[in-house]
Each structure stands twice: as structure tokens, then as C-alpha cells.
Amino acid sequence: MKRQKLTFYAVGGHWQNGVAERAIGILQNTTRTILLHAMANWPSVITEEYWPFAIRHAANLHNVSLHNNHDQSPWLQFTGEDPPWSLSDFRVFRSPTYVLHKDLQDATNRAKWKSRCWQGIYVGHSLQHSGSVALIYNPLTTHVSPQFHVLFDEHFSSVNTPALKDKVLDAL
């Protein structure tokens, strides 16, 4: 540790560590924005219960973005390596997705009139896989799994639009 020293602060003295508190505030505001956007577009499915996924998504997005006249991302500055994701890998948080059924991924036949995909919800990226592998929440099984064969509906056009949106537009 070059020229670093450990400083202890009083319990409950959060004002004594402004750098960390500012970083936490930035992540909380980003998380709140991400979650509120998703809840406004799909209120019947998305609730506050998904805040852990939202905060991890916000942190990953923050770590691969360039900030304040820096020519390197925070991830690159901290690790010395390129981040596992690019900005183009990120999608709208909690947007509806359509995942190809497992048997079709394995190149086995599926009955002609059966559905070829299942609807899931995008909750971020896998930390153990390539940047193009998304984590998808399956509302039927309540499991989150990494998926590659995914279509994203980032405009929420495949789900019912809430009446609240219409009321807001009418008020304007």
C-alpha cells in the first residue's frame, strides 16, 4: 500500500467519510431511477423487491462508464484490466425478454404449434460469463439464470402499458 493510511471514524459519523458517502449516494440515486422507470412501465410485475438486482446493475454500469474527464473507466483504473462488459451490452433494467426454449437451444425439434420462447425479465449481467450473457428472471419458476438466446423488449411494448402513464400524459 503506497502512501495509504488507515483512519478510523466514530460510529455513526457518516459525515466524516465524504468520498464513500458520495459514492453510495450516487449508486442509490441511480438505483432509484432505474427501479422507478421499470415500475412505471410494468407495475403489475416489478416491485421494490428487486432492488438488489437494480443496485448491482447500477454499480456495473457506473464501473464501465467514463467519468469527469477521465480517459479510463473506474473498472480499468482499479483492476488494470478491461471490464468484462461494454456499454453496448447493457439493456433497460427489468425490461421484458423472450428466451428461446432449452430444447431449441439444444437443436432438438419442438412441436410446430408450441411456443418457442418463454417470457422473462432482464435483471443484469452474469459475473461468471461473457458480457453478452444476460441474467434473466423467470416469473414462473422464480429463478434467475444466465441466458444467451434472448430478445429484449426495451420499450416495454409487449406488456400492458399502465393507466398511470395515460393520466400523467393527460395532466401535461
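Conventions used here
- Residues numbered from 1 in each chain as written.
- Predicted model: local features only at pLDDT ≥ 70, side-chain atom pairs only at ≥ 80, totals over all residues.
- Heavy atoms only, no water.
- Pairing = 2+ DSSP bridges.
- Helix = DSSP H or I, 4+ residues; strand = E, 2+ residues; numbered from the N terminus.
- Axes fitted to C-alpha atoms, helices over the stretch in contact; angles between N-to-C directions.
- Expected span 1.5 Å × (residues − 1).
- Buried < 20%, exposed > 50% of the residue type's maximum accessible area, 1.4 Å probe, protein only.
- Phe/Tyr/Trp six-rings, centres within 6.5 Å; stacked < 30°, edge-to-face > 60°.
- Lys NZ or Arg CZ within 6 Å of the ring centre and 35° of its normal.
- Polar contact = N/O pair within 3.5 Å; in protein donor to acceptor, adjacent residues only side chain to side chain.
- Parallel < 35°, antiparallel > 145°, perpendicular 65-115°, else oblique.
- Left-handed = near helix turned anticlockwise from the far one by under 90°.
- Contact = heavy atoms within 4.5 Å.
- Nonpolar A, V, L, I, M, F, W, Y, C, P; charged D, E, K, R; others polar.
- pLDDT = per-residue confidence, 0-100.
- 1 Å grid on protein atoms, 1.4 Å probe; cavity = no way out; pocket = protein on both sides within 12 Å on 5 of 7 lines; lining within 4 Å.
- Points joined across faces, edges and corners; volume = space filled by probe spheres on them.

Chemist: Residues and numbers for the pairing of strand 1 (residues 96-100), please.
Modeler: Sheet topology note: the strand 1/strand 2 (residues 117-125) ladder contains five bridges and is antiparallel. Across the sheet, residue Pro96 finds its bridge partner in strand 2, namely Ile121. Across three bridges, strand 1 lies against strand 5 (residues 150-152) in antiparallel orientation. Note on strand 5: the bridge partner recorded for Tyr98 is Leu151.

Chemist: Break down the sheet that holds strand 3 (residues 134-138) for me, citing the residues and quoting the values.
Modeler: Within a beta sheet, neighbouring strands are joined by backbone hydrogen bonds and run either parallel or antiparallel to one another. Spatially, 4-3-2-1-5 is the arrangement adopted by the five strands of the open sheet, whose pairing is antiparallel. If you trace the sheet from one side to the other, it starts and ends with strand 4 (143-147) and strand 5, each paired once. Taking each pair of neighbouring strands and ignoring which way they run, the sheet shows an average axis angle of 40 degrees. Looking at chain direction, strand 2 and strand 3 are connected through four bridges and run antiparallel. Directly across from Ile121, in strand 3, lies its bridge partner Tyr137.

Chemist: Break down helix 1 (residues 18-41) for me, with residues and values.
Modeler: The terminal C-alpha atoms of helix 1, which comprises 24 residues, lie 35 Å apart, in line with the 34 Å expected from a rise of 1.5 Å per residue. Taken together, the buried positions of helix 1 are occupied by Thr31, Ile34, Leu35, Ala38, Met39 and Asn41.

Chemist: With reference to specific residues and values, describe the packing of aromatic side chains.
Modeler: Counting across every chain of the model gives four aromatic pairs. Relative to Tyr137, the ring of Tyr50 lies with its centre 5.5 Å away and its plane at 65 degrees, an arrangement referred to as edge-to-face. A residue pair is termed long-range when its members are at least 10 positions apart, and Tyr50 in the loop between helix 1 and helix 2 (51-64) and Tyr137 in strand 3 qualify at 87 residues. One exposure class covers both Tyr50 and Tyr137, and it is buried. Ring centres of Tyr122 and Phe152 lie 5.5 Å apart, and the angle between their planes is 85 degrees; this geometry places the pair in the edge-to-face category. Of the two residues, Tyr122 sits in strand 2 while Phe152 sits in strand 5, which places them 30 residues apart along the sequence. The exposure class assigned to Tyr122 is buried, which follows from its relative accessible area of 0%. Taken together, the ring pairs connect Trp75, Trp85 and Phe90 into an aromatic cluster. Its end group placed over the ring of Tyr50, Arg94 keeps NZ or CZ at 3.5 Å from the ring centre.

Chemist: Give me the side chain of Ser95: which residues, what numbers.
Modeler: Along the polypeptide, Ser95 turns up in the loop between helix 3 (74-79) and strand 1. A polar contact is formed between the side chain of Ser95 and the backbone oxygen of Val92, at a distance of 2.9 Å.

Chemist: Give a description of the packing of helix 1 against helix 2 that names residues and reports values.
Modeler: Here helix 1 crosses helix 2 at 120 degrees, and the two axes come no closer than 9 Å. Considered as vectors, helix 1 and helix 2 are oriented oblique to each other. The element helix 1 and its partner helix 2 pack so that their crossing is right-handed. Packed against helix 1, whose contacting residues are Leu27, Thr30, Thr31, Ile34 and Leu35, the element helix 2 presents Trp51, Ala54, Ile55, His57, Ala58 and Ala59 at the interface. In terms of residue class, the contact of helix 1 with helix 2 is made up of eight nonpolar, three polar and no charged.

Chemist: Tell me about the confidence of the model for the protein, residues and numbers included.
Modeler: Detailed reading of the predicted coordinates is not advisable wherever pLDDT falls low. Of all residues in the protein, 87% attain a pLDDT of 70 or more, and the chain-wide mean is 81. No element of the protein has a lower mean pLDDT than helix 5 (residues 163-171), which averages 48, and none a higher one than strand 3, which averages 92.

Chemist: Give me the layout of surface pockets: which residues, what numbers.
Modeler: Counted as a void, the largest pocket has a volume near 180 Å³. Lining the largest pocket, in full, are His62, Asn63, His67, Asn68, His70, Gln72, Ser73, Pro74 and Gln77. Of all elements in the fold, only helix 2 and helix 3 reach the threshold of two or more residues within the lining of the largest pocket. The residue makeup of the lining of the largest pocket, split by class, is one nonpolar, eight polar and no charged.

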